[in-house]
Amino acid sequence: MMIIYNTILLFIFDLYIFFALRSSGIKFAKKKWFAWVWWGYSAALAAGVVVSYKFNIPLAYRSIILVAFFITVVCKLIYVIILLVDDLRRGGVWIARLFKTKPENPVVEEKQEQVEERKHGISRSDFLLKSGIAVASIPIFPFSWGVISGAYDYRIRRQKLYLPNLPKEFHGMKLGQLSDVHSGSFYNKKAVLGGVEMLLGEKPDVIFFTGDLVNNEASEMRNYQDIFSKVKAELGVFSVLGNHDYGDYKFGPEDSAAKRKNFQDLVDTHAVMGWDLLRDENRKITMGNESISIVGVENWGTGRFPKKGDLKKALQGTEEDAVRLLMSHDPSHWRAQVLDTNVDAMFAGHTHGMQFGVRGEHFQWSPAQYIYQEWAGLYQEGGKQLYVNTGFGFLGYPGRVGILPEITIFELLRA
């Protein structure tokens, strides 16, 4: 369905832009070869997307196709917006002329576009058409650089986490978080190993993985299981599932033998790597004579995302614990259910920060914020805390612009 949707969207963009260029003063757009090049490129690109999803082609080629498709759609979307602005302007002028009082002795008036062209050398519409090409081409450079440089440019983000009820023995404990590996998107094994070594170099006492180990199938971990098996910590590595881990995007939402086997293979992968997968359950970790609870739920998200997690079940037996740390993949779970519980802090991922935006020490922006109220970093409300990790891997667009792949290191502190 996504392939069909994206192909139809590209065709609509192409049709609108093509006839706009044909009706403009741009001479080459009226040439016969232009039509062949224009439609030939779009057809080849659409065919490439279908092939990349339907057939097992090398990941490097698939990445090239998807990058080309992504950049093309973004550039054409920008150009469509520019053309729409001009069409709306001209439509407004046309409507205004309908209601304009005609003179008693009407004369043939020059069209507004002709007046502008005679005075300034170019009409307003032609200016927008031509300058719009330059403006719409701008994304080519940052998105290309995002693939070349951003995809594996791992960054460690350090975050102090103040917990009023934290037992003294846990004061200063170091907690590492990874999220959204999406191993099916990787094409540089050496770079991935470098990211894992960065995490291990921090020597965290405990590590959380907050979901989406794969894109669609457990087999995507085949070439990376040995790398992520290196992820170890003295007090354990705990993990949960994300929406991509259930196989819905490959096998569909309905139950099937193939889907059940794939899911079991994924669960087994966590076990083989030595990760303690929490499926609506909890564990206690102990230091000295004190302990805190680590709670993990299956994916629970608002909207179209799976609501499999049972938070009430996961919290059973933690009522008397001093601190409860919850792993839940989707940050929308926090407002929907978690704020009404005694959970002290929740750790999530899922958003990727849209893999595009700006993120500084005191300012951050991404299109993700128009979809998720909590999309990156630390949030606090009513004595509860949520941290959203923007992800270790990538999905769809094989790169990152501004929102770089993240390894989070927390220092737990008594308030």
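Described below are features of the structure shown in this document. (Residues numbered from 1 in each chain as written. Predicted model: local features only at pLDDT ≥ 70, side-chain atom pairs only at ≥ 80, totals over all residues. Heavy atoms only, no water.)

What follows is about the overall build of the chain. Of the regular secondary structure elements, the chain holds 12 helices and 14 strands. Per-residue burial for the chain yields a buried fraction of 49% across its 415 residues. Counting contacts in the chain only where the partners sit at least 6 residues apart, residues at least 24 apart contribute 73% of the total. Within the structure as shown, the chain displays about 21200 Å² of accessible surface, and the carbon and sulfur contribution to it stands at 59%. (Helix = DSSP H or I, 4+ residues; strand = E, 2+ residues; numbered from the N terminus. Buried < 20%, exposed > 50% of the residue type's maximum accessible area, 1.4 Å probe, protein only. Contact = heavy atoms within 4.5 Å. Areas by Shrake-Rupley, 256 points an atom, 1.4 Å probe, with all protein chains shown as cover.)

With that settled, the discussion passes to helix H10 (residues 257-272). With 16 residues, H10 should cover 22 Å at 1.5 Å per step; its first-to-last C-alpha distance of 22 Å lies within 8% of that length. For H10, the complete set of buried residues consists of Lys259, Asn262, Phe263, Leu266, Val267, Thr269 and His270. The arc that holds every buried residue of H10, seen down its axis, measures 150°, which confines them to one face. Facing away from the buried side of H10 by more than 90 degrees, the exposed set consists of Ala257, Lys261, Ala271 and Val272. Buried-residue contacts for H10 involve strand S3 (206-210), helix H8 (225-228), strand S4 (237-240), helix H9 (248-251) and strand S5 (276-277). Looking one or two residues past H10, Gly274 carries a phi angle of roughly 85°, positive in sign. (Expected span 1.5 Å × (residues − 1). Arc of directions from axis to C-beta.)

Time to look at helix H7 (residues 189-201). Residues separated by three or four positions in an α-helix point in the same direction, a consequence of the helix having 3.6 residues per turn. Taking 1.5 Å per residue as the helical rise, H7 with its 13 residues ought to reach 18 Å, and the 18 Å between its terminal C-alpha atoms agrees with that figure. Looking only at H7, the buried set comprises Ala191, Val192, Gly195, Val196 and Leu199. Looking down the long axis of H7, one finds its buried residues gathered within 140° of arc, a one-sided arrangement. Seen from the open side of H7, the exposed residues pointing more than 90 degrees away from its buried face are Lys190 and Gly201. Buried residues belonging to H7 abut strand S2 (174-178), S3, H8 and strand S14 (406-414). The backbone nitrogen of Lys190 lies 3.3 Å from a side-chain oxygen of the residue at the head of H7, namely Asn188. The first or second residue beyond H7 is Lys203, which carries a positive phi of 50°. (Polar contact = N/O pair within 3.5 Å; in protein donor to acceptor, adjacent residues only side chain to side chain.)

Within the largest apolar cluster, 34 residues are counted, with the highest numbers of intra-cluster contacts made by Phe186, Val192, Leu213, Phe228 and Phe392. Counting residues per element, the ones that place at least two in this core are H7, S3, H8, H10 and S14. Looking at which element gives the most residues to this core, the answer is H7, with four residues. Among the nonpolar cores identified, the runner-up in size contains 22 residues, and Phe238, Val240, Ile285 and Leu412 belong to it. (Core = buried A, V, L, I, M, F, W, Y, C linked by side-chain atoms within 4.5 Å.)

A few words now on the packing of aromatic side chains. With the rule as written, the count across this model stands at 27 aromatic pairs. Considering the side-chain rings of Phe28 and Phe34, the 5.6 Å spacing of their centres and the 65° angle between planes classify their relative orientation as edge-to-face. On the basis of relative accessibility, which here comes to 39%, the residue Phe28 falls in the partly exposed class. Where Tyr152 meets Phe394, the ring centres are 5.7 Å apart and the plane angle is 80°; that geometry is what we call edge-to-face. (Phe/Tyr/Trp six-rings, centres within 6.5 Å; stacked < 30°, edge-to-face > 60°.)

What follows is about the sheet that holds strand S6 (residues 281-287). Strands pair in a sheet through their backbones, by hydrogen bonds, and they do so in one of two ways: parallel or antiparallel. Strand order in the open sheet formed by six strands is S6-S7-S8-S9-S13-S12, and the pairing between neighbours is mixed. Of all the strands in the sheet, just S6 and strand S12 (377-381) have a single pairing partner and so form its edges. Neighbour to neighbour, the strand axes of the sheet diverge by 20° on average, direction disregarded. Pairing of S6 with strand S7 (residues 290-296) involves seven bridges; the strand directions are antiparallel. The partner of Arg283 across the bridge, within S7, is Ile294. (Pairing = 2+ DSSP bridges. Axes fitted to C-alpha atoms, helices over the stretch in contact; angles between N-to-C directions.)

Moving on, we come to the environment of Ser229. Along the polypeptide, Ser229 turns up in the loop between H8 and S4. In this structure, the C-alpha to C-alpha distance between Ser229 and His270, residues 41 residues apart in sequence, is 8.9 Å. A distance of 2.7 Å separates a polar atom in the side chain of Ser229 from the backbone oxygen of Gln225.

The next thing to look at is the pattern of salt bridges. As enumerated under the stated definition, the model contains 17 salt bridges in all. The shortest N-O distance in the salt bridge between Lys284 and Asp321 comes to 3.4 Å. You can see Lys284 sitting in strand S6 and its partner Asp321 sitting in the loop between helix H11 (311-315) and strand S8 (324-327), a full 37 residues away along the chain. Taken together, the shared-partner salt bridges in this structure form one network comprising Asp276, Glu281 and Arg283. (Salt bridge = Lys/Arg side-chain N within 4 Å of Asp/Glu carboxyl O.)

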